Amino acid sequence: GAEVLFSVDCAKLKEYFLPEKREFDCIYFNFPHFGRKAGVVKNRELLAHFFHSSAEVLTEEGEVHVALCNGQGGTPADQPRREWHNSWQIVAVAAEAGFILSSVHPFKAETIPGYKCTGYRSQDKSFRVEGALNHIFTRSTPLPRFKPGSCEIELERQKVSFRVPQVLVDKMNRGFLEGNSNHPVRTVKEKLTAELSQALPLQHTDHCLPLLHRGHLGGVCHPNIFWIVPSPEETPSTGGIPDGRVGFCRDREKSGWVMAREGCCVSEQHYLRPSLLPSARAAVERGAFLPGTLHVLSGPVFRKCLIAPYSMPVFHEMVSVCVVPRGTESSCIQMLVRNIQSSVRSLHPTVASFTPSIHLQEATSFETSELNEFAAFEYQLSKPQYLICVETETSSSREKHVCVGVIRTSPYELGSSEMVAVFASLNLDLLTMLICGISDWRVLWTPDSRFLRQFPSGELKIFKSFSLYPPSYVHDVSFWVPDGEQLDEVAFHTIAREVSGETVVSIQLIDSFQQAETGRKSLCYRLTFQSCDRALSHREAAEMQLLFRTEIHQRLRVTLR
């Protein structure tokens with residue numbers, strides 16, 4: 001009952017089928033070869049034409065299966081693995097046509113009735129298929145091309161709007177913690193609060209948390225802050241106000257809007273909340289929290305940060321606050337940690353044999369250089385007394401203990417009683433990653449529906465990547481730093497995040513040089529581009545690199561070499 005067509009050109013598939021017959025659920029290409037003694041370059045070209053052709057006739061949920069002999073694909077699944085330049089580079093070639101490798105498994109000819117391996121060097125001879133692999137490709141969601149976005153909020157009883165920083169455009173108002181969400185971050189939060197409610201009466205305080213704070217955090221212009229200048233609704237200003245540009249801020253004395261430049265200490269300057277701790281402290285000072293009741297605040301917070309595996313510019317924070325009589329704070333802290341440990345244990349048995357170990361460590365036992373970005377910022381916010389750490393399976397001693405939370409205490413007067421407020425802050429995103437075996441924070445924010453499908457109805461399990469062995473591309477950039485200035489590394493990394501749509505996974509300083517005659521300093525950085533969930537082509541990475549060069553020249557005033 002099948003229709004069979006002969007002499008079909010794999011590079012022009014749509015020409016052989018009528019429009020109504022061009023949507024295939026599966027396309028198989030077993031052991032493609034250019035013919036005769038063609039080398040790897042010719043065979044890569046063949047695959048490139050085939051993948052572009054397949055994209056024109058495949059359904060949205062369809063699959064492309066390509067079987068290759070052992071070593072040809074160039075992925076870690078090949079054993080032994082060929083050097084990259086000597087392979088067919090199938091994942092990178094497929095990415096050019098918008099495909100990602102979603103599965104790879106051994107090709108077993110004996111399981112296919114009537115299948116015969118033939119065509120060795122275009123002859124009626126069989127070829128070796130021992131160790132051959134079947135590569136299964138699926139369509140990728142397209143790389144983001146974000147337009148500038150603005151956000152409207154009520155600030156001091158007046159509606160204002162502001163331009164969302166480019167790096168956060170796709171991360172605002174995602175609703176991960178909303179009641180109808182089945183995102184694993186919400187599942188972890190719900191389990192934690194359910195466990196804590198067994199120990200103390202619990203009250204949620206999420207509805208009135210301000211998105212913007214005013215003034216300067218701790219009295220200093222902090223480089224990790226997303227500075228915002230709210231504007232009248234009709235003219236949103238640029239978020240963060242790059243050097244040399246202006247925004248508007250409210251002048252109480254003149255009851256109007258005045259211009260402000262980034263770096264100016266303007267009393268009315270605002271910033272996106274980097275933590276929920278200031279809101280929690282303010283509530284305690286107002287006497288809004290009842291003693292003996294556990295108050296829970298949760299929501300997204302925003303921080304500029306360096307690019308690293310556990311370093312994220314936005315994450316969901318949960319702050320638990322309890323006001324207790326002085327002298328009982330240690331018992332309260334132990335209770336909080338025990339309940340967090342119990343929650344993680346109850347979430348994890350169905351996930352894997354390894355359970356992350358939660359433990360409390362005194363903050364003084366860590367050097368600042370040993371802290372991850374989350375903990376390092378918490379130290380700058382106000383030094384905590386304890387760190388909540390997760391012991392992981394990794395063999396790297398530096399990453400063996402990942403800080404996912406901090407605990408602080410603060411004296412508090414309630415009438416004639418001396419009380420102590422205990423604040424426990426948790427990075428829910430980091431905790432979710434460690435529980436579900438997610439190695440890249442960007443996966444939590446993917447728009448690809450294949451991610452949430454793995455967590456139906458709030459069920460947690462070990463995450464299985466739907467994009468295997470994504471290709472990476474390395475580009476270097478070298479430049480002269482302006483005389484007498486230091487490079488702002490946080491701004492440098494933030495620009496890389498913006499122009500690449502979070503596809504830069506690593507930035508390394510590989511060379512530093514100072515001219516003896518002039519004292520000018522030159523730096524050379526290596527950027528690695530790689531997407532965890534989308535197809536990223538060599539051309540797209542090269543375009544991002546060119547845009548990055550332009551942006552750092554304009555915004556950081558460096559002289560490109």
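Rules of the game
- Residues numbered from 1 in each chain as written.
- Predicted model: local features only at pLDDT ≥ 70, side-chain atom pairs only at ≥ 80, totals over all residues.
- Heavy atoms only, no water.
- Helix = DSSP H or I, 4+ residues; strand = E, 2+ residues; numbered from the N terminus.
- Buried < 20%, exposed > 50% of the residue type's maximum accessible area, 1.4 Å probe, protein only.
- Contact = heavy atoms within 4.5 Å.
- Areas by Shrake-Rupley, 256 points an atom, 1.4 Å probe, with all protein chains shown as cover.
- Pairing = 2+ DSSP bridges.
- Axes fitted to C-alpha atoms, helices over the stretch in contact; angles between N-to-C directions.
- Core = buried A, V, L, I, M, F, W, Y, C linked by side-chain atoms within 4.5 Å.
- Parallel < 35°, antiparallel > 145°, perpendicular 65-115°, else oblique.
- Left-handed = near helix turned anticlockwise from the far one by under 90°.
- Nonpolar A, V, L, I, M, F, W, Y, C, P; charged D, E, K, R; others polar.
- Polar contact = N/O pair within 3.5 Å; in protein donor to acceptor, adjacent residues only side chain to side chain.
- Patch = residues over 30% accessible without salt bridge, like charges linked within 9 Å, V, L, I, M, F, W, Y side chains within 5 Å.
- Salt bridge = Lys/Arg side-chain N within 4 Å of Asp/Glu carboxyl O.
- pLDDT = per-residue confidence, 0-100.
- Phe/Tyr/Trp six-rings, centres within 6.5 Å; stacked < 30°, edge-to-face > 60°.
- Expected span 1.5 Å × (residues − 1).

**Brief notes about the overall build of the protein**
Along the protein, the regular secondary structure elements total 11 helices and 23 strands. Residues counted as buried form 51% of the 561 residues belonging to the protein. Across the protein, the fraction of contacts at a sequence separation of at least 24, relative to all contacts at a separation of at least 6, is 69%. For the protein, the accessible surface area stands at approximately 27,200 Å², while carbon and sulfur atoms represent 49% of it.

**Looking at unusual backbone geometry**
Cis geometry marks the peptide bond from glutamine 79 to proline 80, where omega comes out at 0 degrees. For proline 80, the location among the structural elements is in the loop between strand S2 (58–68) and helix H2 (90–95). Its identity is not glycine, yet tyrosine 469 carries a phi of approximately 45 degrees, on the positive side. In the Ramachandran plot, glutamate 502 falls in the positive-phi region, its phi being about 65 degrees despite a non-glycine side chain. Relative to the helices and strands, glutamate 502 resides in the loop between helix H10 (489–500) and strand S21 (504–514).

**Side note on the pairing of S21**
Examined bridge by bridge, S21 and strand S22 (residues 521–529) share 9 bridges and lie antiparallel to one another. If you follow aspartate 511 over to S22, its bridge partner there is cysteine 524. In textbook terms, the turn of a hairpin is the stretch between consecutive antiparallel strands, and for S21 and S22 this stretch comprises 6 residues, one of which, glycine 519, has a positive phi near 80 degrees.

**Some remarks on the sheet that holds strand S3 (residues 99–106)**
Sheets are built from strands paired through backbone hydrogen bonds, the pairs being either parallel or antiparallel. Spatial ordering of the open sheet is given by S1-S2-S4-S3, a layout of 4 strands whose pairing is mixed. Of all the strands in the sheet, the pair left with one neighbour each is strand S1 (24–30) and S3. Across the sheet, the mean angle from the axis of one strand to that of its neighbour is 20 degrees, orientation sign disregarded. Relative to the sheet, helix H1 (residues 40–55) contacts S1, S2, S3 and strand S4 (133–139), its axis offset from that of S2 by approximately 155 degrees.

**Examining the nonpolar core**
Across soluble globular proteins, nonpolar side chains have a tendency to be buried as a group. Ranked by size, the top nonpolar core spans 99 residues in total, and within it Phe162, Leu168, Leu272, Val404 and Leu431 carry the most contacts. By size, the runner-up hydrophobic cluster in this structure holds 26 residues, among which are Val481, Ile495, Val499 and Leu536.

**Observations regarding the sheet that holds strand S8 (residues 212–214)**
Spatial ordering of the open sheet is given by S8-S13-S9, a layout of 3 strands whose pairing is antiparallel. One side of each edge strand has no neighbouring strand; the edge strands of this open sheet are S8 and strand S9 (227–228).

**Here we look at the packing of helix H3 (residues 184–196) against helix H5 (residues 329–347)**
Put simply, H3 and H5 touch, their axes get as near as 9 Å, and they point 130 degrees apart. As the angle between them shows, H3 and H5 are arranged oblique. When the axes of H3 and H5 are compared, the crossing they make is right-handed. Where H3 abuts H5, its residues Val188, Lys191, Leu192, Glu195 and Leu196 lie against Leu336, Asn339, Ile340, Ser342, Ser343, Ser346 and Leu347. Classifying every residue of the contact of H3 with H5 gives 6 nonpolar, 4 polar and 2 charged.

**Topic: the side chain of threonine 138**
Position of threonine 138 relative to the elements: it lies in strand S4. According to the relative accessible area criterion, threonine 138 is buried, its value standing at 10%. Of note is the side chain of threonine 138, whose polar atom sits 2.6 Å from the side chain of arginine 450. Those residues in contact with threonine 138 that lie beyond four places of it in its chain are Gly62, Glu63, Gly98, Phe99, Ile100, Ser102 and Arg450.

**Section: a nonpolar patch on the surface**
On the surface, Leu5, Val8 and Tyr16 cluster together into a nonpolar patch covering about 200 Å² of accessible area. Locating leucine 5 in the fold gives a position in the segment before S1. A relative accessible area of 32% places leucine 5 in the partly exposed class.

**Details of the confidence of the model for the protein**
Atom-level detail of predicted coordinates should not be read off regions where pLDDT is low. Counting all residues, the mean pLDDT for the protein is 85, and 87% of those residues have values of 70 or more. Counting interchain partners and residues more than four positions distant, the pLDDT-below-50 stretch residues 234–267 has 77 contacts.

**What about the packing of aromatic side chains?**
Note on aromatic pairs: each is described by the distance of the centres and the angle between the planes. Under the definition given, this model contains 18 aromatic pairs. Ring centres 5.5 Å apart and planes at 50 degrees place the aromatic pair phenylalanine 50 and phenylalanine 51 in the tilted group. Residue class for phenylalanine 51 comes out buried when judged on its relative accessible area of 0%. Ring centres of phenylalanine 479 and phenylalanine 492 lie 5.7 Å apart, and the angle between their planes is 50 degrees; on these two criteria the pair is classed as tilted. One end of the pair, phenylalanine 479, is in strand S20 (residues 473–480); the other, phenylalanine 492, is in helix H10, and 13 residues separate them in sequence.

**Some points on the environment of histidine 105**
Looking at the secondary structure, you find histidine 105 in strand S3. A residue is classified by how much of its surface remains accessible, and histidine 105, at 32% relative accessible area, is partly exposed. Taking C-alpha positions, histidine 105 is 5.4 Å from asparagine 134, a pair spaced 29 residues apart along the chain. Ignoring any residue separated from it by four or fewer positions in sequence, one finds histidine 105 in contact with Leu133, Asn134 and Ile136.

**Description of H1**
End to end, H1 covers 23 Å across 16 residues, agreeing with the expected 22 Å (1.5 Å per residue, within 8%). Restricting attention to buried positions, one finds in H1 the residues Val40, Asn43, Arg44, Leu46, Leu47, Phe50, Phe51, Ser53 and Ser54. In this structure, the buried residues of H1 make contact with S1, S2, H2, S3 and S4.

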